[in-house]
Amino acid sequence: MKKILVTGGAGFIGSHLVRLLVKKYPDYRIINMDKLTYAGNLANLTDIENLPNYEFVKGDIVDEDFVMMTFDAYRFDGVIHLAAESHVDRSIASPREFIMTNIVGTVNLLNAARHIWKDNAEGKRFYHISTDEVYGSLHDEGKFLETTPYDPRSPYSASKASSDHLVRAYHHTFGLPAVISNCSNNYGPFQFPEKLIPLCINNIRHGKPLPVYGEGTNIRDWLYVEDHARAIDLIFHQGIDGETYNIGGNNEWRNIDLVKKLCEIMDRKMGRHPGTSEQLITFVKDRAGHDFRYAIDASKLQNNLGWSPVVKFDEGFEKTVEWYLENPEWLNNVTSGNYLKYYETMYRNR
Ligand code: NAD
Ligand code: DAU
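Small disclaimer: the values here were computed from a predicted structure and weren't measured. (Residues numbered from 1 in each chain as written. Chains lettered and ligands numbered in written order. Predicted model: local features only at pLDDT ≥ 70, side-chain atom pairs only at ≥ 80, totals over all residues. Heavy atoms only, no water.)

The next thing to look at is the overall build of the protein chain. Helix and strand content of the protein chain: twelve helices and twelve strands. Relative to the 2.2 N^0.38 estimate, which gives 20 Å for 350 residues, the radius of gyration of the protein chain is 20 Å and therefore close to what a compact globule would have. By its C-alpha atoms, the protein chain is 65 × 45 × 40 Å across when sized along the principal axes. Buried residues in the protein chain amount to 57% of all 350 residues. Within the protein chain, the 46 negative side-chain charges are centred at a point lying 2 Å from the centre of the 39 positive side-chain charges. (Helix = DSSP H or I, 4+ residues; strand = E, 2+ residues; numbered from the N terminus. Rg over C-alpha atoms; globule rule 2.2 N^0.38 Å. Buried < 20%, exposed > 50% of the residue type's maximum accessible area, 1.4 Å probe, protein only. Lys, Arg positive; Asp, Glu negative; His and termini not counted. Charge placed at Lys NZ, Arg CZ, Asp CG, Glu CD.)

What follows covers the environment of Ile247. Mapped onto the elements, Ile247 comes out in strand β10 (residues 244-247). The sequence separation of Ile247 and Arg205 amounts to 42 residues, and the corresponding C-alpha distance is 32 Å.

Attention shifts here to the packing of helix α6 (residues 196-206) against helix α10 (residues 313-326). Contact geometry of α6 with α10 gives a least axis separation of 11 Å together with a crossing angle of 50°. In terms of orientation, α6 lies oblique with respect to α10. Handedness of the α6/α10 crossing: right-handed. Across the interface between the two elements, Ile197, Pro198, Ile201 and Arg205 of α6 pack against Phe317, Val321, Tyr324 and Leu325 of α10. Residue composition of the contact of α6 with α10, grouped by class: seven nonpolar, no polar and one charged. (Axes fitted to C-alpha atoms, helices over the stretch in contact; angles between N-to-C directions. Parallel < 35°, antiparallel > 145°, perpendicular 65-115°, else oblique. Left-handed = near helix turned anticlockwise from the far one by under 90°. Contact = heavy atoms within 4.5 Å. Nonpolar A, V, L, I, M, F, W, Y, C, P; charged D, E, K, R; others polar.)

This part covers helix α7 (residues 225-238). Here α7 spans 20 Å end to end across 14 residues, near enough to the 20 Å set by a 1.5 Å rise per residue. The element α7 is extensively covered by neighbouring structure, given that ten of its 14 residues are classed as buried. When α7 is considered as a whole, its buried residues turn out to be Val225, Asp227, His228, Ala229, Ala231, Ile232, Asp233, Leu234, Ile235 and Phe236. (Expected span 1.5 Å × (residues − 1).)

Ligand 2 sits among 24 residues. The nearest are Asp132, Tyr156, Arg287, His290 and Tyr347. Alone, ligand 2 offers 690 Å² of accessible surface; in the complex the protein occludes 95% of this. Elements with a minimum of two residues in the shell around ligand 2: α3 (88-93) and β8 (210-213). Tallying contributions element by element places β8 first for the shell around ligand 2, with three residues. (Near = heavy atom within 4 Å. Areas by Shrake-Rupley, 256 points an atom, 1.4 Å probe, with all protein chains shown as cover.)

Evaluated as defined, the whole model comprises 23 salt bridges. Two residues, Arg29 and Glu55, come together in a salt bridge whose shortest N-O distance is 3.0 Å. Within this pair, whereas Arg29 is found in strand β2 (residues 28-34), its partner Glu55 is found in strand β3 (residues 54-58), the two being separated by 26 residues in sequence. With a relative accessible area of 25%, Glu55 lands in the partly exposed category. Note that Asp291 and Arg153 form a salt bridge whose closest N and O atoms lie 2.6 Å from each other. With Asp291 in the loop between β12 (281-284) and α9 (299-305) and Arg153 in the loop between β5 (125-131) and α5 (155-174), this residue pair connects regions lying 138 residues apart in the sequence. When salt bridges that share partners are traced, they join Glu264, Arg268, Lys269, Glu318 and Glu322 into one network. (Salt bridge = Lys/Arg side-chain N within 4 Å of Asp/Glu carboxyl O.)

Further remarks concern unusual backbone geometry. Of note in the backbone geometry, Leu36 takes a positive phi value of approximately 60° without being a glycine. Mapped onto the elements, Leu36 comes out in the loop between β2 and β3. Residue Asn250 is not a glycine yet carries a positive backbone phi of 50°. Among the residues examined, Asn250 registers a relative accessible area of 60% and is labelled exposed.

Moving on, we get to the site of ligand 1. What surrounds ligand 1 is a group of 28 residues, the closest being Ile13, Asp34, Ser86, Tyr156 and Lys160. In the environment of ligand 1, an oxygen atom lies 2.5 Å from a nitrogen or oxygen atom belonging to the side chain of Asp34. Coverage of ligand 1 by the protein amounts to 96% of the 830 Å² it exposes when considered alone. If you tally residues by element for the shell around ligand 1, the top one is β5, at three residues. Each residue belonging to the shell around ligand 1 can be placed in one class, and the counts come to twelve nonpolar, twelve polar and four charged. (Polar contact = N/O pair within 3.5 Å; in protein donor to acceptor, adjacent residues only side chain to side chain.)

Spelled out as structure tokens, the structure:
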């Protein structure tokens, strides 16, 4: 039985990936290692938690001894590494945690993988999940290619860029079998409501202002989270060691247009008069160093491995809104306690 470690499997993308792998590969043992930070939530996995090929291990990837002991005990055949501090605004407010988890944590995993595979790395793989933000910010034209020079501009993206470089360095220097993918903005169920889409859904539910940074003209390329999980599955099994693959939705939206579309769907689904939610839109102080535009060219993944997104944006966006409306207890649970303090601090001066 192949043993696959997924780090950060209790988070947004990780939980979708764990679900896919556990269901699709009954002959794999999927081990989910997660610290359960504010962003990690085992409630994201209740539908698969009792399946015999799934196991949860609570732990911090920054803890070198814990990581080494776990690798020694399990002798994983593959690692898919998603655990990270992932929210740009938090990285601006307090960068240190990002350096520790995203860089030091990744190095701990790389060292542990190197250690257990030192005698035979045949058929093993370390797969590092990264972001399009490492490439910096685009103007109106062009898209990020795998060959685009790195130009990270926030503490978050700098920490992710750093970890990408380290994964490549371990591949080149030590021959560690490793692949990397860099994906655009994901959306879908189970995303923590500090990120634009679930934050706005939650605020519309409560009739609270929808904080749009700056003039709302920044552009993001949105991909449905299950399409990302499918790409990860494909790259893990069919990607080439040492290669990088871009993953994107080919689906660019200005923030303001996205929020307006969300308002329109929410009004319809909640039986409110058209235009009600749009009145909540409030332009607030811009994010420091706010990247203007991200857009991914995913043609390498499409041409070499045959991946393209299957979920159309209209369909994925409607499904996402429906999920949050049908799961108010999930939203209520994650937005009580510390979330309220976070929200108050983060948006007080905007
Ligand atoms: P998330 O914040 O929802 O989840 C992160 C998970 O990592 C949580 O379960 C958390 O508990 C866990 N974690 C954090 N620190 C840890 C530590 N020190 N030890 C062990 N576990 C720890 O993040 P996400 O949005 O699901 O992103 C997952 C990965 O995908 C990240 O590496 C991120 O950089 C990358 N990514 C995200 C997006 C996106 O749009 N969300 C796009 C491209 C790439
Ligand atoms: O591009 C991939 C990245 O996408 C991932 O690597 C990150 O982990 C993920 O968080 C996401 O980063 P963004 O900064 O693009 O996502 P966020 O949802 O925070 O913001 C999306 C856009 O909306 C961005 O231009 C900032 C803006 N925004 C965000 C928030 C939270 C607002 O206008 N108001 C808000 O309240």
